[in-house]
Amino acid sequence: MHILVLQHERVEHPAVFRKFLKEDGHSWDAIELDEGEALPDSMDGYDALWVLGGPMDTWQEDEHPWLKDEKAFIREAVEGQGVPYLGLCLGHQLLADALGGAVGPSKTPEIGVLDVQLTEAGASGVLFDGLPEVFQALQWHSAEVTALPEGAQVLATSPACPVQAMKWGTRAYSMQFHIEIEQDTVEVWGDIPEYADALEKALGPGSLPGFQAECAKRMDMFNDMAERIYINWLQATART
C-alpha cells in the first residue's frame with residue numbers, strides 16, 4: 001500500500017504508525033501543507049489518504065487558505081472515489097467538515113490523558129476490535145465535531161466531546177484523540193505555541209513535565225492499542 005499523508009505541522013507525523021507501516025512493507029509520502037507544499041492533482045498512485053493533526057482550526061481559511069483546497073481534496077477522495085481514509089484530531093474534524101458536517105470550538109477543551117468510551121457501533125465494529133469499551137488516550141484539542149456529516153456513525157464518545165471517533169461509508173474512519181504517540185510526542189508538541197497555550201490554560205503553568213510523565217507511564221499500552229487500531233483499519237478498509 002502507498003499512502004498519501006497530509007500534515008499540518010512537521011512534528012505531527014504518523015508517529016508509531018511509521019514503525020508498523022515499515023514492518024509491513026507499506027510506503028507513504030507526506031505533504032506539509034502548512035509550509036506551502038502543494039496537494040497532488042489527484043490520488044492516482046496512492047491507495048489511501050491519512051490526514052493528521054495540527055494547531056490550526058478548520059474554519060481558519062483566511063489565515064490558512066490551503067484549508068479550502070484540502071477539504072475539497074478530502075471530499076473528492078472519500079466521497080468521490082471511495083479512497084480509504086484515516087483522520088487524526090484535525091484530520092477527524094476536516095473529514096466531518098469536508099463531508100457536510102460542522103466543527104466548532106469545544107465547550108470544554110480536552111487536554112490530558114482521558115477516558116474514551118466506545119459506542120455500541122464502535123464496540124461491535126472492526127476498527128476498535130480488541131480494545132476495551134473504555135480506554136485512555138491522549139487528548140489535546142480545543143475544537144470538536146459539532147454536527148455529523150449525513151451518513152456518519154459515531155464509534156466513540158466522551159462526556160466533553162460526543163464525537164470522539166466516527167465512520168463514514170465503508171472506508172473512512174477518524175478519531176479526535178491520539179493513540180499513535182511516541183516517547184517524544186508530548187515534548188515536541190509542547191513547543192508548538194498554540195498547544196503550549198492550551199495546555200497551560202487547561203492544566204496550569206509548568207504542567208508539561210507532568211503530562212509527559214502521565215503519557216510515559218502508559219506508552220506500552222498506547223503503542224499496543226495503536227498497533228491494534230492500525231491492523232483493524234487495514235482490515236476494515238480493504239476492498240472485498
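Starting from 1, residues in each chain are numbered consecutively following that chain's sequence as written. Totals for whole chains, interfaces and linings use all residues, but because this is a predicted model, local features are given only for residues with pLDDT of at least 70 and pairs of side-chain atoms are given and counted only at 80 or more. In computing side-chain values, all of the structure's heavy atoms are included and hydrogens and water are not.

Student: How would you summarise the overall build of the protein if you had to cite specific residues and measurements?
Tutor: In terms of regular secondary structure, the protein is built from eight helices and nine strands. Between the two quantities, the radius of gyration covers C-alpha atoms and the globule rule is 2.2 Å times the number of residues to the power 0.38. Scaling as 2.2 N^0.38, a compact globule of 240 residues should have a C-alpha radius of gyration of about 18 Å, and the protein matches this with 16 Å. Expressed as lengths along the three principal axes of its C-alpha atoms, the size of the protein is roughly 45 × 40 × 35 Å. Throughout this description, buried means an accessible area under 20% of the type-specific maximum (1.4 Å probe, protein chains only), exposed means over 50%, and partly exposed covers the range between. Taken over 240 residues, the protein has a buried fraction of 52%. A run of H or I in DSSP becomes a helix once it reaches four residues, and a run of E becomes a strand once it reaches two; helices and strands are each numbered from the N terminus.

Student: Could you give an account of a negative patch on the surface, with specific residues and numbers?
Tutor: On the surface, Glu23, Asp24, Asp220, Asp224 and Glu227 cluster together into a patch of negative charge. Secondary structure elements with two or more residues in the negative patch: helix H1 (17-24) and helix H8 (219-237). Here the negative patch gets three residues from one element, more than from any other, and that element is H8. With respect to the helices and strands, the residue Glu23 is situated in helix H1. Put simply, a patch holds well-exposed residues, over 30% relative accessible area, that have no salt bridge, with like charges counted together within 9 Å and Val, Leu, Ile, Met, Phe, Trp or Tyr side chains within 5 Å. Per-residue and other accessible areas were derived by the Shrake-Rupley procedure at a 1.4 Å probe size, with only the shown protein chains allowed to occlude residues. A side-chain nitrogen of Lys or Arg and a carboxyl oxygen of Asp or Glu constitute a salt bridge if their distance falls within 4 Å. Charged residues are defined here as Lys and Arg on the positive side and Asp and Glu on the negative side; His and the ends of the chain fall outside this count. Note on charges: their place is set at NZ of Lys, CZ of Arg, CG of Asp or CD of Glu.

Student: Before we move on, can you summarise the layout of surface pockets with the specific residues and values?
Tutor: Residues are called lining when one of their atoms sits within 4 Å of a cavity or pocket point, these points coming from a 1 Å grid over the protein atoms alone, where a cavity is a set in which a 1.4 Å probe fits but cannot get out and a pocket is an open set with protein on both sides within 12 Å along at least five of seven lines. Grid points are joined across faces, edges and corners, and a volume is the space filled by probe spheres set on the points. Counted as a void, the largest pocket has a volume near 390 Å³. Taken together, 20 residues form the lining of the largest pocket, with Asp57, His141, Ser142, Ala143 and Ala198 sitting closest to its centre. Of all elements in the fold, only helix H3 (90-98), strand E5 (102-118), strand E6 (134-147) and helix H6 (193-203) reach the threshold of two or more residues within the lining of the largest pocket. The leading source of residues in the lining of the largest pocket is H6, at five residues. Under the grouping applied here, Gly and all other residues not named as nonpolar or charged are polar, the nonpolar ones being Ala, Val, Leu, Ile, Met, Phe, Trp, Tyr, Cys and Pro and the charged ones Asp, Glu, Lys and Arg. For the lining of the largest pocket, a count of residues per class yields 12 nonpolar, four polar and four charged.

Student: Explain H1 to me, using residue names and the numbers behind them.
Tutor: Taken as a whole, H1 has its buried residues at Phe17, Phe20 and Leu21. End-on, the buried residues of H1 take up no more than an arc of 100°, which puts them together on one face. In H1, the exposed positions angled more than 90 degrees off the buried face are occupied by Lys22 and Glu23. Those residues of H1 that are buried are in contact with strand E1 (2-7), strand E2 (27-32), strand E3 (48-51), strand E4 (85-88) and H8. Gly25 lies just past H1 and shows a positive phi near 80°. Note that the arc is computed from the directions linking the helix axis to the C-beta atoms. The contact rule is simple, with two residues in contact once any of their heavy atoms fall within 4.5 Å.

Student: Give a description of the packing of H1 against H8 that names residues and reports values.
Tutor: To obtain an axis, a line is fitted to C-alpha atoms, over the contacting stretch when the element is a helix, and the angle between two such axes runs from 0 to 180 degrees between their N-to-C directions. Look at H1 against H8: their axes get within 10 Å of each other, and the N-to-C directions meet at 50°. With respect to each other, H1 and H8 are oriented oblique. Pair H1 / H8 crosses with right-handed handedness. Here H1 contributes Phe17, Phe20, Leu21 and Asp24 to the contact with H8, which in turn contributes Asn223, Ala226, Glu227, Tyr230 and Leu234. A breakdown of the residues in the contact of H1 with H8 according to their chemical character gives six nonpolar, one polar and two charged. Working definition: roughly parallel below 35 degrees, roughly antiparallel above 145 degrees, roughly perpendicular at 65 to 115 degrees, and oblique for all remaining angles. Take the far helix as your reference; a near helix turned counterclockwise from it by less than a right angle gives a left-handed crossing, and one turned clockwise gives a right-handed crossing.

Student: I'd love a proper account of helix H2 (residues 66-80), names of residues and values included.
Tutor: Under the 1.5 Å per step criterion, the end-to-end length of H2 is 20 Å for 15 residues, consistent within 8% with the ideal 21 Å. Where H2 is concerned, the buried positions are Trp66, Leu67, Glu70, Lys71, Phe73, Ile74, Ala77 and Val78. For H2, the angular spread of buried residues about the axis comes to 160°, placing them on one side. Seen from the buried face of H2, the exposed residues on the opposite side, beyond 90 degrees, are Lys68, Asp69 and Gly80. Residues of H2 that are buried make contact with E1, E3, E4, H3, strand E8 (161-168) and strand E9 (172-175). Where H2 terminates, the next one or two residues include Gly82, which has phi positive at roughly 70°. Expected helix span is given by 1.5 Å per residue-to-residue step, counting one fewer step than there are residues.

Student: Could you give an account of the nonpolar core, with specific residues and numbers?
Tutor: In this text, buried Ala, Val, Leu, Ile, Met, Phe, Trp, Tyr and Cys residues form a nonpolar core when linked through side-chain atoms within 4.5 Å. Core analysis: the biggest nonpolar cluster contains 47 residues, and Trp50, Phe128, Phe135, Trp140, Phe177, Phe211 and Cys215 have the highest contact counts within it. Broken down by element, this core gets its largest block of residues, nine residues, from H8. Leave out the neighbours within four places in its chain, and Phe135 touches Leu114, Asp115, Val116, Leu118, Phe128, Phe177 and Met225.

Student: Tell me about the side chain of Glu180, and name the residues and values.
Tutor: Looking at the secondary structure, you find Glu180 in the loop between E9 and helix H5 (185-189). Among buried Asp, Glu, Lys and Arg side chains, Glu180 stands out as unpaired, with Arg18 the closest opposite charge at 9.9 Å. Here a polar contact is recorded for every N or O atom pair within 3.5 Å, except that within protein the pair must consist of a potential hydrogen donor and a potential acceptor, and residues adjacent in sequence are included only if both atoms are side-chain atoms. Polar side-chain contacts of Glu180 include one of 2.8 Å to the side chain of His178. Residues in contact with Glu180, not counting those within four places in the same chain, are Pro14, Ala15, Val16, Phe17, Leu88, Trp189 and Ala226.

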